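Listed below are the residues making up each chain.
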Amino acid sequence: MVLILALPPAALSGQQAQSASSQSSRYQAPVISDTGALKGPRQPIFFRHDIHAGQDQIPCMYCHYSASISSEPGIPSLQTCIGCHQLIGGTTPAHQAEIKKVRDAWRERKPPEWIRVHALPGFVRFPHMRHIKALGTTACVTCHGDVQKMAQVAQVSTLRMGWCVSCHVKNNVTRDCSVCHY
Amino acid sequence: MTDSIDRRRFLKVLGVTSAGAAAVTACGIGPEPTERLIPYLVQPEDQIPGTATYYATTCRECAAGCGVRVRVREGRAVKLEGNPDSPINRGRLCARGQAALQGLYNPDRISHPLVRNASGTFEAIDWDGALLRLSAKVREARGKGIVFLTGAEQSTFGDLVDEWMKQVGGRRMSYEAFGFEALRAGNRMAFGTATLPSYDFANAKYVLSFGADFLDTWLSPVEFQNGFSRAHAFDAGRPASMAKFVYVGPRLSLTGMNADEWIAARPGTEGTLALAMAQVIMSQHLARVPADASRLVSVLGAHRPSAVAQAIGIDEATIVRLAREFARSGGGLAVAGGMATQGANGAATVAAVNILNYVVGAVGTLVKFGADLAIGSTNSFAELATLMSDMAAGRVALLFVHGTNPAHSLPGAFQQALGKVAYKVSFSSYLDETAAACDLILPDHHPLEQWGASRPRAGITALQQPVVQPVFDTRPTGDVILKLAGKAGTFEEYFKGKVGPRVQNNADQFWLEKLALGGIYGTAPTRAVRLATDLSAVAPSLEKTSGPAGVEEQTVVVFPHPALHDGRGANKPWLQELPDPVSKIAWHSWVEVHPDTAAKWGLATGDFLLLKSPFGAQKFPTWITPSVRPDVLAVPTGQGHTAYGRYAKDRSANAFELLGAQATAYGGRAFIVSASATKTAEHQRKLATIEGNARDLGMGTTEVLPLARAKALRPGDHPFHFEETPEYAKDAVEWWAERQHEQAEIGNYKGEQPRWGLAIDLSKCTGCSACVTACYAENNIPTVGEELTERRREMAWLRLERYWRVDEHDNVQGAVSQPMLCQQCGNAPCEPVCPVFAAYHTPDGLNGQVYNRCVGTRYCSNNCPYKVRYFNWYNYAERDGKYEAFPEPLSMLLNPDVTVREKGVMEKCTFCVQRIRGAQNQARLENRNVRDGDIVTACQQTCPSEAIVFGDLNDRHSRVFELAGNPRGYHVLAGLNTKPAITYLARVVAQDTTSHG
């Protein structure tokens with residue numbers, strides 16, 4: 001087994017990135033004391049998008065790499081997690097406990113079963129790559145909300161057809177049924 | 001709008017009320033709250049979520065060795081497509097190849113090793129225990145007779161079995177139910193070589209088949225069909241005219257019905273006809289005859305047309321005319337096989353046809369020895385008969401069976417012999433009749449799960465690689481044998497060592513390249529053959545095979561089913577539901593009876609006819625058809641399994657029961673028997689057929705042109721009569737045109753949009769129905785089963801309609817097959833009647849069908865003149881439902897890009913809209929427009945005769961635009977003003993006079 005140890009630039013040189021950035025308003029993920037108050041389903045591992053994507057500024061595409069080339073954004077493989085967490089063990093006991101779950105899962109070769117947050121019915125096709133192509137790689141927020149600030153991901157948009165169509169009307173793009181339904 | 005409430009508004013109101021009711025019961029459509037997402041541990045390098053990966057491998061459904069590319073999505077094989085790199089099938093695939101997936105994910109696969117216990121039933125055993133037991137049995141049986149029986153294996157697997165058998169003192173035998181003994185024996189008779197040549201149909205100028213069903217079951221059907229359609233198609237732009245095709249045989253098979261002319265010679269006289277034609281060619285000096293052919297004069301002397309016409313049942317003038325046409329075409333190719341070579345004089349028939357080829361110089365040019373086909377290189381039936389007597393005499397202590405099911409094709413004889421074998425081991429993946437009689441079953445991987453290499457012909461090694469993880473706890477038989485033989489390593493290493501390069505340092509590169517291509521493709525040089533020194537045995541005897549005297553005997557022809565073949569396809573619902581290309585019957589077998597015979601015996605369609613041969617008796621429902629000689633009855637094989645899973649078991653009757661187990665003089669098996677036929681008192685059954693009417697009835701749905709007229713066509717000609725719009729419909733048509741114009745001005749419909757269209761060349765289409773199965777595979781079409789097919793509730797979005805073609809005396813000369821699918825009308829009758837806009841017109845010219853909008857009024861289907869819309873009467877995807885079409889793990893092959901429809905929803909062909917959208921998405925990512933040829937529909941992709949072309953009718957440089965303007969082009973039911981997007985190109989028939997009913 002060859003491990004691919006490729007770390008995102010932000011994670012490798014977090015300090016440098018911080019000093020290089022002239023703005024001191026960089027997002028700091030809060031300390032969560034009561035996870036029960038968070039919106040959205042509870043996940044088997046308390047994976048914090050706000051730390052990874054917000055504080056550490058790892059681009060969405062680093063993990064969900066296929067969103068720009070495929071219909072499906074994909075769930076990152078455990079290997080992707082372990083690529084960083086082989087080295088990064090966490091600074092607080094709470095973080096360390098969660099990272100330990102990742103390492104245990106890797107050792108036991110048993111991937112975590114995430115609870116799905118965003119789902120479309122089976123008769124709808126949503127090609128992620130077309131939307132990324134049109135709106136850019138940071139456009140994930142358009143539908144998924146400000147995930148960079150979510151300690152636990154919750155659905156913010158209805159993902160219903162009216163909501164889809166309103167955006168298509170606004171942007172003057174196709175409203176043909178057979179673009180999504182087939 | 002001031003008018004009163006119309007239907008659409010009424011239903012709108014109704015919709016709101018019922019939606020409220022739905023909200024109360026809280027069963028709206030929404031995401032499941034507890035759906036799980038399980039990530040990969042390690043992302044496979046070559047897979048992107050949501051994007052298909054293709055792997056090249058080799059189809060093992062028959063021995064032809066076609067290359068396939070398997071579309072894999074998230075680790076599941078979802079579709080097979082032909083591999084364009086393969087020189088055999090050139091990117092095309094037949095229905096049986098398409099259905100290989102249903103073998104892989106078959107719900108009745110044996111999921112782990114089984115052993116027979118003391119009480120005689122099977123129980124599970126683990127692999128280690130099974131192998132331990134087996135190696136003990138092998139030690140015990142040494143010296144007492146060990147036999148390994150395989151199917152057609154021209155492969156490294158076969159080599160391994162040979163090596164192992166040598167090691168343990170056993171022998172390998174191979175068996176195919178439909179062997180090619182006559183072909184080998186006939187080639188030895190005429191040329192002194194028992195090899196099978198390759199046939200170049202593509203360059204033939206005249207094709208004459210003596211019973212050889214080269215489009216459906218003979219040797220390499222996809223390759224031959226592709227070549228044949230190149231020769232036989234009519235191309236208006238090409239100066240060369242089409243090659244005429246004449247079929248000689250007692251019944252019209254799929255191959256036969258494509259003939260321009262049918263010569264229904266008496267069964268058993270085909271060889272005599274060939275010699276009579278050769279005699280005419282020689283005596284009238286019609287061809288440049290090879291020098292050594294002069295020796296033939298004495299053989300041919302007795303075959304003057306005048307002398308044999310009576311026996312053949314064809315008049316002298318016709319024989320002479322055929323001989324002239326054949327010789328003067330300057331590229332005549334005659335082939336013999338199938339029914340003509342499965343009688344008592346089969347080998348002599350082949351030899352006679354060889355001579356016919358020889359005198360016109362086809363041997364060496366169109367019939368190429370050297371590039372020999374390995375397809376028929378199984379042991380002869382005579383050798384199998386010897387094995388059976390050895391078994392019956394207790395001279396076989398241990399028998400292994402792999403890849404063949406003789407207990408089905410030799411019911412009685414083999415089964416009895418099997419009972420005398422001390423220990424029987426099956427490697428079958430399915431509980432077929434042979435496996436059911438064995439003591440130990442060690443299920444093999446499916447071919448799509450394992451490594452391998454086969455050599456379908458000299459010069460070509462077709463490679464096989466695993467494309468998915470094994471579905472069950474099975475093991476490659478190669479691995480099992482290596483272990484039993486005490487050798488290290490896996491079969492993968494063994495086969496790579498055999499096939500791979502001698503120099504090991506570039507092995508990785510070698511395998512990367514060759515596996516991507518799907519094989520190692522080379523050519524073998526043509527070897528010249530000369531007439532054999534002894535030609536005395538060539539003339540086929542004309543004596544009739546006679547049965548017991550006193551009873552009125554009928555000649556019964558048992559022929560291989562085009563889809564189920566010898567029965568191996570019967571456990572795949574796609575193949576069961578695929579209507580036979582000739583009879584259009586699905587799910588059961590039948591007996592073909594000529595209308596005159598049926599009238600004589602007072603038979604009606606569906607009456608059970610009891611056929612009693614000296615070897616067995618079986619009942620078959622009658623199908624009355626003019627495509628068989630009046631003195632011949634024909635029954636297909638394939639059905640009548642007593643095991644082999646839920647789709648095959650206890651279905652109809654086994655035609656093999658009628659056949660004997662004695663070998664013929666040339667070592668083959670006779671498939672033509674004499675039998676008595678009695679009408680039974682049993683109540684007649686309704687045939688599970690999709691046939692509407694066998695005749696076109698002058699509706700102009702199929703158009704046929706005689707060759708002379710087709711040749712005279714110039715660009716811009718429109719030979720087909722288009723009905724004017726009737727006076728009463730003028731207003732409606734104008735109103736529609738105005739609305740179209742208005743629509744073109746607004747939103748979606750504005751701007752440059754493509755108009756997707758299809759061109760189908762009926763001159764190329766053979767009716768083989770590969771497209772039908774490809775459509776099932778691509779579009780998640782459910783199979784509905786025998787009962788619902790009888791009730792005409794089949795779901796095939798694409799069906800093949802077969803219309804008989806008759807001559808001036810109303811004798812059937814062949815058939816025209818027409819694929820019928822949604823015509824994607826520009827002015828579609830289905831659209832305005834849909835109350836909920838589920839059927840609507842897309843901006844790119846499709847008749848969209850939005851499943852989630854559809855409420856199932858079925859108005860659209862009622863208003864469709866082509867009858868190409870299909871309604872989900874049941875929930876075919878329901879777990880354990882009565883009509884469940886995808887029981888686990890069959891559901892694994894569902895295409896994730898296509899919605900699985902529910903009960904109450906109308907569905908139909910949408911020109912594979914998922915492929916259109918996929919290509920558009922890809923083009924957008926690459927910042928370009930969709931190019932002509934980017935989008936290939938599933939039917940077009942698989943079509944062995946390349947009859948279907950898809951593209952944009954608004955693109956003046958597209959192939960489909962060019963074909964739509966062809967003078968042979970016409971629209972079906974054009975008079976209805978539906979403006980279809982499908983252009984059919986009329987069938988051209990190479991005959992002076994032609995008509996169709």
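None of these values were measured; they are calculated from a predicted model.

Novice: Outline the overall build of chain B, supporting the account with residue identities and numerical values.
Specialist: The number of helices and strands found in chain B is 29 helices and 38 strands. For 997 residues, the compact-globule formula gives about 30 Å, and the C-alpha radius of gyration of chain B, at 29 Å, lands near that figure. Residues counted as buried form 56% of the 997 residues belonging to chain B.

Novice: Help me get a handle on the domain arrangement of chain B, residues and values and all.
Specialist: Residues and elements named next belong to chain B. Assigned domains within chain B: domain 1 (114-178 + 381-521), domain 2 (181-373), domain 3 (554-679) and domain 4 (704-989). Centre-to-centre, using C-alpha coordinates, domain 2 lies 27 Å away from domain 3. With 19 residues of domain 2 in contact, the opposing surface of domain 3 contributes 21 residues. Contributions of two or more residues to the side of domain 2 that touches domain 3 are made by helix H6 (181-191) and helix H12 (346-359). For the side of domain 2 that touches domain 3, the element with the most residues is H6, which contributes three residues.

Novice: An account of unusual backbone geometry is needed here, citing residue identities and associated values.
Specialist: Residues and elements named next belong to chain B. A cis amide bond, omega -5°, links Glu888 with the succeeding residue Pro889. Residue Arg792 is not a glycine yet carries a positive backbone phi of 60°. Given 12 C-beta atoms within a 10 Å radius, Arg792 is considered exposed. Of note, Asp880 is a non-glycine position whose phi angle comes to about 60°, a positive value. Within the fold, Asp880 resides in the loop between strand S33 (870-871) and strand S34 (906-907). Asp880 sits in the exposed class, given 7 other C-beta atoms within 10 Å.

Novice: Explain the environment of Glu801 of chain B to me, using residue names and the numbers behind them.
Specialist: Residue and element names in this part refer to chain B. Topologically, Glu801 is positioned in strand S29 (residues 799-806). A residue is classified by how many C-beta atoms lie within 10 Å of it, and Glu801, with 20 of them, is buried. In this structure, the C-alpha to C-alpha distance between Glu801 and Glu492, residues 309 residues apart in sequence, is 45 Å. Non-local contacts of Glu801, meaning those with residues more than four positions away in its chain, are made with Gln818 and Met820.

Novice: An account of the interface of chain A and chain B is requested, with residue identities and associated values reported.
Specialist: Taken together, the contact between chain A and chain B spans 33 residues of the former and 37 residues of the latter. Considering every element that reaches the side of chain A that touches chain B, the biggest residue donor is helix H7 (residues 128-135) of chain A, with three residues. Bridge count between strand S1 (residues 114-115) of chain A and strand S1 (residues 36-37) of chain B: two bridges; the pairing is antiparallel. Note that in S1 of chain B the partner of Trp114 of chain A across the bridge is Leu37 of chain B.

Novice: I'd love a proper account of the environment of Lys649 of chain B, names of residues and values included.
Specialist: Residue and element names in this part refer to chain B. Summarising the element assignment, Lys649 is placed in the loop between strand S25 (632-636) and strand S26 (672-679). A residue is classified by how many C-beta atoms lie within 10 Å of it, and Lys649, with 16 of them, is partly exposed. Not counting the four nearest positions on each side in its chain, Lys649 is found in contact with His641, Thr642, Ala643 and Tyr644.

Novice: With reference to specific residues and values, describe helix H10 (residues 305-312) of chain B.
Specialist: Residue and element names in this part refer to chain B. Buried within H10 are the following residues: Pro305, Val308 and Ile312. The arc that holds every buried residue of H10, seen down its axis, measures 85°, which confines them to one face. Facing away from the buried surface of H10 by more than 90 degrees, the exposed residues are Ser306 and Gln310. Contact partners of the buried residues in H10: helix H8 (270-283) and helix H11 (316-328). Backbone geometry just downstream of H10 places Gly313 in the positive-phi region, at approximately 90°.

Novice: Before we move on, can you summarise helix H5 (residues 78-85) of chain A with the specific residues and values?
Specialist: The buried count for H5 of chain A comes to six of eight residues, which makes it a mostly enclosed element. Regarding H5 of chain A, the residues found buried are Leu78, Thr80, Cys81, Ile82, Gly83 and Cys84 of chain A.

Novice: Account for the pairing of S29 of chain B, with residues named and values stated.
Specialist: Residue and element names in this part refer to chain B. With seven of eight residues buried, S29 lies mostly within the body of the structure. As paired strands, S29 and strand S30 (residues 812-820) are joined by eight bridges and run antiparallel to one another. Paired with Arg799 across the bridge in S30 is Met820.

Novice: Explain the sheet that holds strand S12 (residues 261-263) of chain B to me, using residue names and the numbers behind them.
Specialist: Residues and elements named next belong to chain B. Here we have four strands laid out as an open sheet, ordered S12-S11-S10-S13, and parallel in their pairing. Edge positions in the sheet fall to S12 and strand S13 (332-336), since each of these pairs with one other strand and no more. Each neighbouring strand pair of the sheet contributes to a mean axis angle of 15°, computed without reference to strand direction. The pairing of strand S10 (residues 206-210) with strand S11 (residues 244-248) spans five bridges and is classified as parallel. When the bridges of S11 are listed, Val207 appears paired with Phe245. Sitting on the sheet, H11 touches S10, S11 and S13, and the angle it makes with S10 is about 130°. Contacts from H12 reach S10 and S13 within the one sheet, and its direction differs from that of S13 by about 175°.

Novice: How would you explain the pairing of strand S23 (residues 608-612) of chain B if you had to name every residue and give the values?
Specialist: As a general feature of sheets, a regular strand has side chains that alternate between the two faces. Residues and elements named next belong to chain B. Sheet analysis places S23 next to strand S24 (residues 617-624), joined by five bridges and oriented antiparallel. Bridged to Leu611 within S24 is Gln618. Remark: four residues form the turn of the hairpin made by S23 and S24, two consecutive strands paired antiparallel.

Novice: Describe the environment of Pro829 of chain B, with residues and values.
Specialist: Residue and element names in this part refer to chain B. Secondary-structure assignment places Pro829 in the loop between S30 and strand S31 (839-841). With 19 C-beta atoms counted inside 10 Å, the residue Pro829 sits in the partly exposed group. In the structure, Pro829 is positioned 742 residues away from Pro87 in sequence and 44 Å away in space, judged by C-alpha atoms. Beyond its immediate chain neighbours, meaning those up to four positions away, Pro829 contacts Asn863, Cys864, Pro865 and Thr978.

Quick notes on the rules
Residues numbered from 1 in each chain as written. Chains lettered and ligands numbered in written order. Predicted model: local features only at pLDDT ≥ 70, side-chain atom pairs only at ≥ 80, totals over all residues. Helix = DSSP H or I, 4+ residues; strand = E, 2+ residues; numbered from the N terminus. Rg over C-alpha atoms; globule rule 2.2 N^0.38 Å. Buried ≥ 20, exposed ≤ 12 C-beta atoms within 10 Å, placed from the backbone. Domains from an automatic or database assignment. Contact = placed C-beta atoms within 7 Å. Pairing = 2+ DSSP bridges. Arc of directions from axis to C-beta. Axes fitted to C-alpha atoms, helices over the stretch in contact; angles between N-to-C directions.

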